[in-house]
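Architecture at a glance
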Amino acid sequence: MDLILCHRTADFDALGAAVGLTRLHPGSRILMAGGCHPTVREFLALHRDEFATIETRCVEPAKIQTIYIVDVQTKSRLGKAAQW
C-alpha cells in the first residue's frame, strides 16, 4: 500500500498536491490523518468517490510500502500519521 499524507487541517493546495500524486502513482491512497479544513471536508463529502482516499482506521501499517508527504515542511504538521 502506498500512502499520500497531508498536513493537519489539510487545505485545498494540500488536497491538490495529493490528488496529483495519485495520478503519478496509480494505486496510492490519500490519508487525511490530521483532518482537513471544513471547506475541504464539505468538498470531499460531495466528491469522495472521485478521489482515492482512505481512513486511518483502514490502514494496516504492516502493508505500507511507500509514504509520500505533500505540502509539509516539518514532521510535527503531520499529526497522528507521524506516529507510525
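Only a predicted model underlies this, so the values are computations on that prediction, with no experimental measurement involved. (Residues numbered from 1 in each chain as written. Predicted model: local features only at pLDDT ≥ 70, side-chain atom pairs only at ≥ 80, totals over all residues. Heavy atoms only, no water.)

1. Considerations on the side chain of Ser-28
- Tracing the sequence through the fold places Ser-28 in the loop between helix H1 (12-24) and strand S2 (29-31).
- Among the polar contacts made by the side chain of Ser-28, one reaches the main-chain carbonyl oxygen of His-25 at a distance of 2.7 Å.
- Setting aside its immediate chain neighbours within four residues, Ser-28 contacts Asp-2, Ile-4, Leu-21, Thr-22 and Ala-52. (Helix = DSSP H or I, 4+ residues; strand = E, 2+ residues; numbered from the N terminus. Polar contact = N/O pair within 3.5 Å; in protein donor to acceptor, adjacent residues only side chain to side chain. Contact = heavy atoms within 4.5 Å.)

2. Considering the sheet that holds S2
- Read from one edge of the open sheet, four strands run S3-S2-S1-S4, paired in parallel fashion. A single partner strand is all that each edge strand has here, and the edge strands are strand S3 (53-54) and strand S4 (66-69).
- Here strand S1 (residues 2-5) pairs with S4 via four bridges, running parallel. Following the sheet pairing, Ile-4 is matched in S4 by Tyr-68. (Pairing = 2+ DSSP bridges.)

3. What to know about the pairing of S1
- Judged by which residues are buried, S1 turns out to be covered on both faces: Asp-2 and Ile-4 on one side and Leu-3 and Leu-5 on the other are all buried.
- The pairing of S1 with S2 spans three bridges and is parallel. Pairing of Leu-3 across the sheet is with Arg-29, part of S2.
- Assessed by its sense of winding, the connection that carries the chain from S1 through H1 to S2 is right-handed. (Buried < 20%, exposed > 50% of the residue type's maximum accessible area, 1.4 Å probe, protein only. Right-handed = clockwise from strand over helix to strand, strands pointing away.)

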